[in-house]
Amino acid sequence: MYDLIVVGLGASGLFALANADKKLNVLGIEKNKIAGRKLNITGGGRCNITKVGDIKDFVNSYTDPSFVRPIIHAFNNEKLIEYFESRGLNTMVDGERVIPKSENAKDVTQFFLKEIEKRGHKLHFEEEIIDIKADDESIKVISKASEYECKKLIFACGGATYVETGSDGKLMKKIFDISPLEPALSPMYIEESSFDSLKGVTTNVKLNYGKMSFKGNILFTGSYLSGPVIMDISNYIQLGEKFTLDFIPKKTIDELKLEIKEKAKTDAKKLLKTVLLEISDMPESLLKLIINEVNLENVKLADLKSKDLNLLIEKLKKYTLTLKEKFPLEKAIVSKGGVKVEDIDNKTMALKKDNRIMVVGEAIELVGNCGGYNLQFAFSSAHRAIFGK
Ligand SMILES: Cc1cc2nc3c(=O)[nH]c(=O)nc-3n(C[C@H](O)[C@H](O)[C@H](O)COP(=O)(O)OP(=O)(O)OC[C@H]3O[C@@H](n4cnc5c(N)ncnc54)[C@H](O)[C@@H]3O)c2cc1C
């Protein structure tokens, strides 16, 4: 009988095993030939481990801040960085993103494997768990070839995206009562076809959706929208809902109007589009497209009517779009849905109905924004499962 079995050797399972007491009899089981297949491709192969910044703002970047708060506070971004650094995995900050200094995600996986080896925990590869059954005596962990018994189990099988990395959601669907799995951190197709011509164009925007707003880059690919603000909003928005883009987020509507009116006094013969290019950071192709939509392409400042200026500014500051479709689940970066937070005690990550079974990482229904939040949650939840409150 094992003291602990960890099913799934991805980010959260590896962290749990690397911290499980060496005095315990521990087994880790992974269906792939190797550990950390998804971890190895995170952050474009550089692994965005977490994000620097105030932990108060941090928890608001998850779809369920109140569930996440104590988990993240107990093992926050600073503690995670300190954990890696003090054990020899150096990190660095790139913008606000924390990545391994080697800029190689595989080093994070190798780091964990060494820590697990030091503790002497056993690992089985190429063994898919097909069922888990708990009775009063023990928990039975069943693969095609074997059946294991343990006192405690950590379920770390991930979500249901990028199925080629191993996380397919099959086992969680079988053994838990889960909320529906949906694509999250996903590019989005929109109803309006306005941006078809802007392939490869990227710009800084403020995206507004209901009471939420996200600042950052948007990428026009020609057929769909991508980039961090689109990925983040995809965690919340539903099909058919509208959102707006502010293409000149650094200036308010009044500031923009005033600036254009002032320019009209000194540069009356200049074309409106030339002036807008001077006073905004918008790519020319995007600006041209919007100016064309309001038929002001050849208008000089001297001829600009107040109502036309208002119409243009409305487009530049509140360009309205409708979500048509997200990427299919398998192609999204993470999956929303999974084991319900209401079924988990966030002091221990254990199921409320059976405190011997803990659930960590992306298998839990919540998701975080782009930029290291999902790995931080995978590590913090695994920390919570091992060390409790
Ligand atoms: C392309 C890409 C880039 C990403 N980049 C980032 C990033 O830079 N920063 C960030 O914070 N997040 C990123 N993410 C999200 C992040 O990788 C995941 O949220 C995180 O890996 C989840 O960790 P996990 O341990 O829950 O699951 P996983 O890492 O998916 O691990 C689950 C493991 O369980 C195994 N498993 C599944 N079922 C079974 C079974 N029945 N039996 C045995 N083993 C099983 C799987 O093979 C897998 O190894 C990225 C995701 C993708 C797809």
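How each quantity is defined
- Residues numbered from 1 in each chain as written.
- Predicted model: local features only at pLDDT ≥ 70, side-chain atom pairs only at ≥ 80, totals over all residues.
- Helix = DSSP H or I, 4+ residues; strand = E, 2+ residues; numbered from the N terminus.
- Contact = placed C-beta atoms within 7 Å.
- Buried ≥ 20, exposed ≤ 12 C-beta atoms within 10 Å, placed from the backbone.
- Near = placed C-beta within 6 Å.
- Expected span 1.5 Å × (residues − 1).
- Core = buried A, V, L, I, M, F, W, Y, C linked by C-beta atoms within 7 Å.
- Domains from an automatic or database assignment.
- Nonpolar A, V, L, I, M, F, W, Y, C, P; charged D, E, K, R; others polar.

Moving on: the overall build of the protein chain. In terms of regular secondary structure, the protein chain is built from twelve helices and 20 strands. Projected onto its principal axes, the C-alpha coordinates of the protein chain cover approximately 85 × 40 × 35 Å. Taking as baseline every contact in the protein chain between residues at least 6 positions apart, the subset at least 24 positions apart corresponds to 71%.

The next subject is the environment of phenylalanine 176. Following the sequence through the fold, phenylalanine 176 ends up in the loop between α6 (170-175) and β10 (178-184). The exposure class assigned to phenylalanine 176 is partly exposed, which follows from the 18 C-beta atoms found within 10 Å. Once the C-alpha coordinates of phenylalanine 176 and valine 339 are considered, the two residues, 163 residues apart in sequence, prove to be 6.5 Å apart.

Lining the immediate environment of the ligand, one finds 40 residues, of which Gly8, Gly10, Gly158, Gly166 and Gly361 sit closest. For the shell around the ligand, the secondary structure elements donating two or more residues are α1 (11-19) and α12 (373-387).

The next thing to look at is unusual backbone geometry. In the Ramachandran plot, glutamate 103 falls in the positive-phi region, its phi being about 60° despite a non-glycine side chain. One non-glycine residue with positive phi stands out, namely leucine 185, at about 45°. Locating leucine 185 in the fold gives a position in the loop between β10 and β11 (188-190). A count of 25 C-beta atoms within 10 Å places leucine 185 in the buried class.

On to helix α5 (residues 105-119), then. Here α5 is 15 residues long and its end C-alpha atoms lie 22 Å apart, about the 21 Å a rise of 1.5 Å per residue gives. Buried-residue contacts for α5 involve α1, β2 (26-29), β5 (97-100) and β6 (122-124). Glycine 120, located one to two residues past α5, shows a positive phi value of around 75°.

In terms of nonpolar packing, the biggest core is built from 105 residues, with Ile5, Val7, Ala16, Ile154, Phe155 and Val360 touching the most fellow members. Looking at this core, the element that brings in the most residues is α12, giving eight residues. Both domain 1 (2-183 + 332-387) and domain 2 (187-326) contribute no fewer than three residues apiece to this core. Setting aside residues up to four positions removed in sequence, alanine 16 forms contacts with Val6, Ile154, Ala156, Val360, Ala382, Ala385 and Ile386.

What follows is about the domain arrangement of the protein chain. When the domains of the protein chain are assigned, the result is domain 1 (2-183 + 332-387) and domain 2 (187-326). A straight line from the C-alpha centre of domain 1 to that of domain 2 covers 40 Å. Residues of the side of domain 1 that touches domain 2, tallied by class, amount to five nonpolar, two polar and one charged.

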